[in-house]
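This is what each chain is made of:
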Amino acid sequence: MKKLLLMAAAVSVAFTSCTNDTPEEPDLGQTTLRQIAFASPVVTPSTRAFAGEQGPKYSQQENFKIFAKWYAGNFDTWNIGKMYMDNVQVSYDKGKNAWVPTPVYYWPKVGTLTFAAYSPADAAGEVMYKNTGLQITNFKENAQAPYDLMYSSRSYNHTGSTNEQQPGSYAGVDINFHHALASVKFTAKLKEAYPDTEIILKSITLTGVNNQGNFSENIDETTSGTYASKPAWAVSEPAVTEDFFPLNLPEKGYVLKTEAADEVAMGGMRCIVLPQDATKVGLKIVYTMQTPTGEAIEQTVTKTFGQISTGRTATWEIGKRYSYNIIIGLDEIFFSPEVEDWVESNQNVNI
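Cut-offs used in this document
- Residues numbered from 1 in each chain as written.
- Predicted model: local features only at pLDDT ≥ 70, side-chain atom pairs only at ≥ 80, totals over all residues.
- Heavy atoms only, no water.
- Phe/Tyr/Trp six-rings, centres within 6.5 Å; stacked < 30°, edge-to-face > 60°.
- Helix = DSSP H or I, 4+ residues; strand = E, 2+ residues; numbered from the N terminus.
- Buried < 20%, exposed > 50% of the residue type's maximum accessible area, 1.4 Å probe, protein only.
- Pairing = 2+ DSSP bridges.
- Axes fitted to C-alpha atoms, helices over the stretch in contact; angles between N-to-C directions.

## What to know about the packing of aromatic side chains
So, step 1. Scanning all chains against the criterion turns up 21 aromatic pairs.
So, step 2. For the pair Y58 and F177, a centre-to-centre distance of 5.4 Å together with 25 degrees between the ring planes defines the contact as stacked. Separated by 119 residues along the polypeptide, Y58 in the loop between β3 (42–44) and β4 (64–71) and F177 in strand β12 (residues 176–179) bring together distant segments of the chain.
So, step 3. One aromatic cluster is present, built from ring pairs that chain together F38, Y58, F64, Y92, W99, W107, F115 and F177.

Have a look at this one:
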């Protein structure tokens, strides 16, 4: 597809008179072509960005894709509009301080545009946008480099870039993204101080995670005026399971203290996962113990989230973060010395 160029040329319209007088072309002025651009997308709810997460401000290094439908008037139902932008990539343009589609698109002179988007632009799976909203089939999360899949609210009835400053400089159309996956967060600390013993956290691994499925936004167009959505995932059959490594620990691990480990220092103890029933998902914690006189020994603790969340719902839901506190406690070694009594030899010798 050839890339369109933004030109400074003007558009004019001529009318002819139906009288016997010499026809004159009225001066209707000039209308500059206006390029479509998007404002800095908002990510809700606000989060600190770790392990592939976006938020609360959308990264200028990221790209998203956009859909737009044109309506002669305002939005009524998705189906009656005409597709104007179909799965078009949008990237940040530093000069315009906005996200700009490639190829370039311009605002229609008549009618309105309604937009919807997803992020990142290279999200796995087959992406479609229908009257029920965003649909992704055969999505597969990257277990070793998970990323924050997001979908936007529909942005209705636009005729120009919001708060357009001047031709060629835009604030952009508002795009509000929502997290489509779930986030699992860990903190780790020692139960109490253990003098002369160093405890080093080596890894935290989620095992048996379902990481492939189909997503549907499920917009209900019967709720006129609100168009509420009920996003949901269906795990693909057969379910694909992999191990997730949510920590980017230093090569030698992280020395634990009695205070919860700082997320930044530990590389962000978070992992983005497919929403699912977590009762059978496993958690493997590996740490080492180093005494002053001995060699480091490795310890491994394994549990399922069904065991961890006893009495609670162990389901990871869309757009929610689940926090787990890992507390490592040691049992001090005590000794109870006893002295075995002498055994009589039954030999009595007179001297």
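## Quick notes on unusual backbone geometry
So, step 1. With an omega of 5 degrees, the peptide bond running from T102 to P103 counts as cis.
So, step 2. With respect to the secondary-structure elements, P103 resides in the loop between β6 (98–102) and β7 (112–119).
So, step 3. One non-glycine residue, N138, adopts positive backbone phi at about 60 degrees.
So, step 4. In this structure N138 comes out as partly exposed when scored by relative accessible area, which is 45%.
So, step 5. Backbone geometry at N346 places phi at a positive 60 degrees, although glycine is not the residue there.
So, step 6. A relative accessible area of 71% means that N346 is categorised as exposed.

## Points about the sheet that holds strand β15 (residues 212–216)
So, step 1. With antiparallel pairing, the four strands of this open sheet are ordered in space as β8-β9-β15-β16. The sheet is open, and its two edges are formed by β8 (126–130) and β16 (232–235), each paired on a single side. Adjacent strand axes in the sheet meet at a mean angle of 15 degrees when their direction is disregarded.

## Observations concerning the pairing of strand β21 (residues 282–290)
So, step 1. Counting buried positions along β21 gives seven out of nine residues, so the element sits mostly inside the fold.
So, step 2. Here strand β14 (residues 198–210) runs beside β21; their pairing, made up of nine bridges, is antiparallel. What sits directly across from T207, in β21, is G282.
So, step 3. Summarising the sheet, β21 and strand β22 (residues 297–304) pair through eight bridges and their orientation is antiparallel. Within β22, the residue paired with K284 across the bridge is T302.
So, step 4. Where β21 folds back onto β22 in an antiparallel hairpin, the turn is made up of six residues.

## Some details on the pairing of strand β13 (residues 182–190)
So, step 1. Within β13, seven of the nine residues are buried, which leaves it mostly tucked inside the rest of the structure.
So, step 2. Bridge analysis of β13 against strand β19 (residues 270–273) gives four bridges, and the strand direction is antiparallel. Looking at the pairing, S183 lines up with I272 of β19.
So, step 3. Bridge count between β13 and strand β24 (residues 321–328): eight bridges; the pairing is parallel. Counterpart to L190 in the pairing with β24 is I328.

## Here we look at the sheet that holds β24
Backbone hydrogen bonds hold the strands of a sheet together, and the pairing may be parallel or antiparallel.
So, step 1. Across the sheet, three strands lie side by side as β19-β13-β24; this open sheet has mixed pairing. Every interior strand has two partners, whereas the edge strands, β19 and β24, have only one. With strand direction ignored, the average angle separating the axes of adjacent strands in the sheet is 20 degrees.

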